[in-house]
Amino acid sequence: MTLDIDAILTNPEKHIIVCTGSGGVGKTTTAAALGLRAAELGRNVCVLTIDPARRLAQAMGLTELDNTPRAVAGIANGSLSAMMLDMKRTFDEVVESHSDPERAEQILSNPFYQALSSSFAGTQEYMAMEKLGQLRAQSQWDLIIVDTPPSRNALDFLDAPARLGSFLDGRLIRIITAPARGAGRGIGRIAAMGFGIFTNVLSKLLGAQVLADVGNFVADIDTTFGGFRERADATYALLKDSGTEFIVVAAPERDALREAAYFVERLNQDSMPLGGLILNRVQEVPETGLTQDQVLAAAQKLTAEGRGPLTAALLELHAQRMEIKERQKHLAMRFTAAHPDVAVQPIPAMAQDVHDLAGLREIGAALANQGITW
Amino acid sequence: MQNWPNATLHVVTGKGGTGKTTIAAALAIALAKNGHRTILMEVEGRQGIAQLFDTPPLPYEERKIAVAPGGGEVWALAVDTEDALLDYLEMFYKLRRAGSALRKMGAVDFATTIAPGLRDVLLTGKACEVVKRKEKKQDNAYDYVILDAPPTGRITRFLNVNGEVSGLAKVGPIKSHADSVMSVIASEQSAIHLVTLLEEMPVQETLDGVSELEAAALPVGAIFVNMTRPPQLDAQQRVMAIAGQLPRSEIESEISQSGLTATNQLIDALLNEASDHSERVDLEITELERLTERGLPIFTLPLLPSGIDLGGLYELSAIMSASGIGGE
């Protein structure tokens, strides 16, 4: 099945595209190329990137890390804005917009909050969703394309916000933060003993100060805005909406395709809209009607006879590429056998990295080229 | 290993997609060559080792997973944070039973969530415990410990556990545990290797990673350049290939001599591929020069057209051995 990316990009009902996949498969570049193409097809697009490589950021004219969408110059049609997520800044803004200045100051200076907002596993995902929700609410853009954070696995993007939310709203945090109320009151004596050990061990491990900081933080945010879990749930609901489309990005390698398969299964399970799979950096080989063995045999014949070293090298190169392509196709076919309904778009490997809008445009054209035979 | 004669702990990091687990595994085999005992550890809960060696998921238990040429054993361990925390509680507080209760309550996850630094201390702490067995001449000691570590972007924070726990207990067991971990990681007992591809982004990230590690006074080992394409054409041929000036008629007649039919389709394909390959090789050479400027040892490993399976791992480890890694 082939992927009709232009149909998705021009569908006025689609307002969010999420690009996901494991690290190092070209997710950010794909998100940027989709954004540029959508804009030039007439839409008002904002691309939310998480951690773009310097050159890619430059290609889109992003020089400032100020957590605000900036218009990209040189767009032929529509409009394109791009921004880099600053997770700490985004978290600070959430705090500031939901509390009076005094309490905001108290929260922002809490050591636990500082750790939470800058280095916490899951904060980046949570804030990416938070920012997505904000951009969507601004209604200045009719299409937002999100690149997902480089996580241990692609599912983290879906799970981390809920995990962080339920952690901050959870039972255990209530217990360590309310020693004065008598830990574990009303939850049974045996459990209460367990919690006694629990707080005891935690203070041994982390120190009493850390627990006190956590307690103050929770008390402060409690009175200012509703649960973190509810916020995470609301954004999650946005992702399940029919106005959203997920694009899974992978490379034709075993690990990347395994991650992609996990993600596809998860999207199915949660009835989330999946646009298709983009398979980056596939090895293209021009059709010559020859088999790899025939090509290799010819190269060996030349070498054995001591003739035409250049031609022998070219034939060897051709045979090597055929072998790489065969292996990649085999992996891709295994994916398709397990997920026959998922549209797959192969993108040929490029000899050079992307440096400018022209490069992104070229990738965009490849993304939309339904004639790529691979 | 000759470059780092005293290094028992070899930490392997790299940007996603560069093959760091593959390199760590091949290194574990290469270092086990000629009768050594090595252990390959993973800490990210991905079961990458089991997938690579095609074995069932690894438990939190040291298991022999491969042998090396010349007699030698490769063991593996998937370190789990919860188990490492329970080990720790047992070691310092004799609290194993309470630990199991804590696990049921989800408290271990909670504690490591509150203090992500705690998780890293526990994981690196486990690696250091295994390293120290050698010094203590314990029966279960290993000659080399190879740690498949988190990616380049997070490696300095992961290893620099002292910085990580500075916000936690200022004194007490966690602090002294972190100090003892640092006494191994920041010493000549360790070498931190970075895996990269010869592409702009991974090379930049590798160079940034080296600077960060050096700034934190952590011992950088070597750069492993993975998945390179050995040039099929020399420099002059590459210039001609890119300019479309390779001698077409000569190639045509040589094709005929090789037993194939010299169709235009075939010649065009070969010339296009030559140009594409040359551009790629030139780019790789530029990137390799950027890496070379750092003055670190560089080991180059080829892209295996057949992909990475168990045989591929041995192939890569043999290339490492031939470049002087292990085997003494």
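Residues numbered from 1 in each chain as written. Chains lettered and ligands numbered in written order. Predicted model: local features only at pLDDT ≥ 70, side-chain atom pairs only at ≥ 80, totals over all residues. Heavy atoms only, no water.

1. Focus on the pattern of salt bridges
Residues and elements named next belong to chain A.
Okay, so step 1: Across all of its chains, the model carries 37 salt bridges over all chains by this definition.
Okay, so step 2: The partner of Lys 14 in a salt bridge is Glu 245, with the nearest N and O atoms 3.0 Å apart. Of the two residues, Lys 14 sits in the loop between α1 (5-9) and β1 (16-20) while Glu 245 sits in strand β6 (residues 244-250), which places them 231 residues apart along the sequence. Exposure class is identical for Lys 14 and Glu 245. Each is buried. (Salt bridge = Lys/Arg side-chain N within 4 Å of Asp/Glu carboxyl O. Helix = DSSP H or I, 4+ residues; strand = E, 2+ residues; numbered from the N terminus. Buried < 20%, exposed > 50% of the residue type's maximum accessible area, 1.4 Å probe, protein only.)

2. Comments concerning the environment of Val 218 of chain A
Residue and element names in this part refer to chain A.
Okay, so step 1: Looking at where Val 218 falls in the secondary structure, it is placed in helix α11 (residues 208-222).
Okay, so step 2: Note on Val 218: relative accessible area 3%, which makes it buried.
Okay, so step 3: Spatially, the C-alpha atom of Val 218 lies 8.1 Å from that of Ile 173, the residues being 45 residues apart in sequence.

3. A few points about the packing of aromatic side chains
Okay, so step 1: All told, the structure shown has six aromatic pairs over all chains when counted by the stated rule.
Okay, so step 2: Arranged with centres 6.2 Å apart and planes meeting at 65°, the rings of Trp 75 of chain B and Tyr 142 of chain B form a pair that is edge-to-face. Of this pair, Trp 75 of chain B sits in strand β4 (residues 73-78) while Tyr 142 of chain B is found in the loop between α6 (116-135) and β5 (144-148), placing the two residues 67 residues apart along the sequence. Accessibility classification places Trp 75 of chain B together with Tyr 142 of chain B in one group, the buried group.
Okay, so step 3: Each member of the aromatic cluster is reached from another via a ring pair, and the members are Phe 91, Phe 112, Tyr 113 and Phe 217 of chain A. (Phe/Tyr/Trp six-rings, centres within 6.5 Å; stacked < 30°, edge-to-face > 60°.)

4. Quick notes on the interface of chain A and chain B
Okay, so step 1: Each partner contributes to the interface: chain A provides 60 residues, whereas chain B provides 62 residues.
Okay, so step 2: Taking both partners together, chain A and chain B bury about 5600 Å²; carbon and sulfur atoms supply 64% of that area.
Okay, so step 3: Applying the counting criterion to the chain A and chain B interface returns one salt bridge.
Okay, so step 4: With a shortest N-O distance of 3.0 Å, Arg 321 of chain A and Asp 276 of chain B are connected by a salt bridge.
Okay, so step 5: Put simply, chain A and chain B have 10 residue pairs in polar contact (both at pLDDT 80 or more) between them. (Contact = heavy atoms within 4.5 Å. Buried area = accessible area lost by both parts, 1.4 Å probe. Polar contact = N/O pair within 3.5 Å; in protein donor to acceptor, adjacent residues only side chain to side chain.)

5. Describing the sheet that holds strand β3 (residues 63-67) of chain B
Residue and element names in this part refer to chain B.
Okay, so step 1: With mixed pairing, the eight strands of this open sheet are ordered in space as β3-β4-β2-β5-β1-β6-β7-β8. Two strands lie at the open edges of the sheet, namely β3 and β8 (298-302), each paired on one side alone. Put simply, the sheet's adjacent strands are angled 25° from each other on average, direction ignored.
Okay, so step 2: Direction of pairing for strand β1 (residues 9-14) relative to strand β6 (residues 190-196): parallel, over a ladder of six bridges. Within β6, the residue paired with Val 11 across the bridge is Ile 192.
Okay, so step 3: Seen against the sheet, helix α13 (residues 264-292) touches β6, β7 (220-228) and β8 and runs at an angle of roughly 175° to β7. (Pairing = 2+ DSSP bridges. Axes fitted to C-alpha atoms, helices over the stretch in contact; angles between N-to-C directions.)

6. Quick notes on unusual backbone geometry
Okay, so step 1: Backbone geometry at Ser 271 of chain A places phi at a positive 45°, although glycine is not the residue there.
Okay, so step 2: In this fold, Ser 271 of chain A is placed in the loop between α13 (254-269) and β7 (274-282).
Okay, so step 3: Even without being a glycine, Gln 47 of chain B presents a positive backbone phi close to 55°.
Okay, so step 4: For Gln 47 of chain B, the location among the structural elements is in the loop between β2 (37-42) and α2 (48-53).

7. Topic: the pairing of β4 of chain B
Residue and element names in this part refer to chain B.
Okay, so step 1: The buried fraction of β4 amounts to five of the six residues, a majority that puts the element mostly inside the structure.
Okay, so step 2: Two elements, β2 and β4, share six bridges in a ladder whose sense is parallel. Each bridged residue has a counterpart across the sheet, and for Met 41 the counterpart in β4 is Leu 77.
Okay, so step 3: Note that β3 and β4 share four bridges and pair antiparallel.

8. Considering the domain arrangement of chain A
Okay, so step 1: Domain annotation for chain A reports domain 1 (5-165 + 227-285 + 330-368) and domain 2 (292-325).
Okay, so step 2: Computed over C-alpha atoms, the centres of domain 1 of chain A and domain 2 of chain A are 43 Å apart. (Domains from an automatic or database assignment.)

9. Topic: the sheet that holds β1 of chain A
Residues and elements named next belong to chain A.
Okay, so step 1: Spatially, the eight strands line up as an open sheet ordered β3-β4-β2-β5-β1-β6-β7-β8, and their pairing is mixed. Edge strands, defined here as strands with exactly one partner in the open sheet, are β3 (70-71) and β8 (344-348).
Okay, so step 2: Bridge count between β1 and strand β5 (residues 143-147): four bridges; the pairing is parallel. Residue Ile 17 lies in a different strand from β5, and its bridge partner there is Ile 145.

10. Here's the deal with the domain arrangement of chain B
Residues and elements named next belong to chain B.
Okay, so step 1: Domain parsing of chain B yields domain 1 (9-229 + 303-322) and domain 2 (230-295).
Okay, so step 2: Centre-to-centre, using C-alpha coordinates, domain 1 lies 40 Å away from domain 2.
Okay, so step 3: On the domain 2 side, the residues contacting the 15 residues of domain 1 number 10 residues.
Okay, so step 4: Taking both partners together, domain 1 and domain 2 bury about 1300 Å²; carbon and sulfur atoms supply 58% of that area.
Okay, so step 5: On the domain 1 side of the interface with domain 2, the three residues burying the most area are Leu 198, Leu 207 and Arg 229, jointly 54% of the side's total.
Okay, so step 6: Between the two partners, domain 1 and domain 2, sit three salt bridges.
Okay, so step 7: Where Arg 229 meets Glu 284, a salt bridge forms, and the shortest distance between an N and an O atom there is 3.6 Å.
Okay, so step 8: Counting across the interface, domain 1 meets domain 2 through three residue pairs in polar contact (both at pLDDT 80 or more).

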